[in-house]
Amino acid sequence: MPTVLALMPPSASLRDSYRSLIAECVASGEALVPFTLAFENADFDAFLARLSDCAAGIGVPDGFVAHSTFWLVRDQTEVVGVSNIRHALTPSLRREGGHIGYGIRPSSRRQGLGIAILQHSLQRAAGLGLSRVLITCGKSNIASASVIVRNGGVLESEEYLADRGEVVQRYWITNGYTD
Ligand SMILES: CC(C)(COP(=O)(O)OP(=O)(O)OC[C@H]1O[C@@H](n2cnc3c(N)ncnc32)[C@H](O)[C@@H]1OP(=O)(O)O)[C@@H](O)C(=O)NCCC(=O)NCCS
């Protein structure tokens, strides 16, 4: 049977799979990307409500814009990735962060899912009216840079950011999807 992938809003039915994704990321010792992976989820209904509020711009901190979180789900049963789409850019996101952040479950990497989650996220971004999308990544993050380029990303600039202690690259993608 071919694998079926879908990028969908978070849901209670996949709670355990989502939690196992986070457990894998924590066990691997890496930073949680996108940042909503760090949201408390012990009360899962409250967690889902918070994400829903964020998408409506409700309760987001000062300086933040509305942002939507989606799960990449394999065969309707396994959360293999998470993406977060910022609905607009701020000067801070323009510098670092961009419109979309994404991460793939460590045990599911190198199977093309990184390319897939960004592709699906671009489709969602079109639904939010984003015809040009900024994506940033650390220059040493070869996998993420590949994901961006494979989705049509064109390098705009790179800059050493002292607060991150690394060179950050900024890529623009002309969104081939339309609303
Ligand atoms: C970046 C990330 C999403 C890539 O996910 P993935 O599922 O492994 O990516 P894919 O399998 O689609 O591979 C995409 C490309 O990266 C390459 N790649 C993947 N992992 C790599 C690695 N560790 N080293 C070098 N190249 C790598 C693949 O070979 C592929 O290259 P290709 O374009 O030549 O085919 C994943 O590593 C991740 O979640 N990292 C942590 C979070 C993060 O860094 N997010 C991006 C910041 S917004």
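What counts, and where the lines are drawn
Residues numbered from 1 in each chain as written. Predicted model: local features only at pLDDT ≥ 70, side-chain atom pairs only at ≥ 80, totals over all residues. Helix = DSSP H or I, 4+ residues; strand = E, 2+ residues; numbered from the N terminus. Expected span 1.5 Å × (residues − 1). Core = buried A, V, L, I, M, F, W, Y, C linked by C-beta atoms within 7 Å. Buried ≥ 20, exposed ≤ 12 C-beta atoms within 10 Å, placed from the backbone. Contact = placed C-beta atoms within 7 Å. Pairing = 2+ DSSP bridges. Axes fitted to C-alpha atoms, helices over the stretch in contact; angles between N-to-C directions.

Caption draft 1: Focus on unusual backbone geometry. Here the residue pair Val 33 and Pro 34 is connected by a cis peptide bond, since its omega of 0° sits within 30 degrees of zero. Here Pro 34 lies in the loop between α1 (15-28) and α2 (44-55). Here the phi dihedral of Asp 75 falls at roughly 50°; this positive angle occurs in a residue that is not glycine. You can see Asp 75 is positioned in the loop between β2 (67-74) and β3 (78-86). Phi is positive for Arg 110, which is not a glycine, with a value near 65°. For Arg 110, the location among the structural elements is in the loop between β4 (100-104) and α4 (113-127).

Caption draft 2: Summary view of α2. Compared with the 16 Å implied by 1.5 Å per residue over 12 residues, the 17 Å span of α2 between its first and last C-alpha is a close match. Gly 57 sits one or two positions beyond α2 and adopts a positive phi of about 80°.

Caption draft 3: Highlighting the nonpolar core. If you look at the biggest cluster of nonpolar residues, it comprises 29 residues, and the most contacted ones within it are Trp 71, Leu 72, Ile 100, Ile 117, Leu 118, Val 133 and Ile 135. Contributions of two or more residues to this core are made by α1, β2, β3, β4, α4, β5 (132-138), α5 (142-150) and β7 (166-174). When residues of this core are assigned to their parent elements, the largest contribution, 6 residues, is made by α4. With residues up to four places along the chain from it excluded, the contact list for Ile 117 reads Leu 7, Leu 72, Gly 81, Ser 83, Tyr 102 and Ile 104.

Caption draft 4: Structural detail: the sheet that holds β5. Overall, antiparallel pairing links the 3 strands, which are arranged β5-β7-β6 in an open sheet. The outermost strands of the open sheet, each flanked by one partner alone, are β5 and β6 (154-161). For this sheet, the mean inter-axis angle between neighbouring strands, taken without regard to orientation, is 20°. Pairing analysis gives 7 bridges linking β6 to β7, with the strands arranged antiparallel. Among the inter-strand pairings, Val 154 is bridged to a residue of β7, identified as Trp 172. Against the sheet, α5 touches β5 and β7, its axis set at about 160° to β5.

Function cannot be inferred from these measures alone, as they are strictly geometric.
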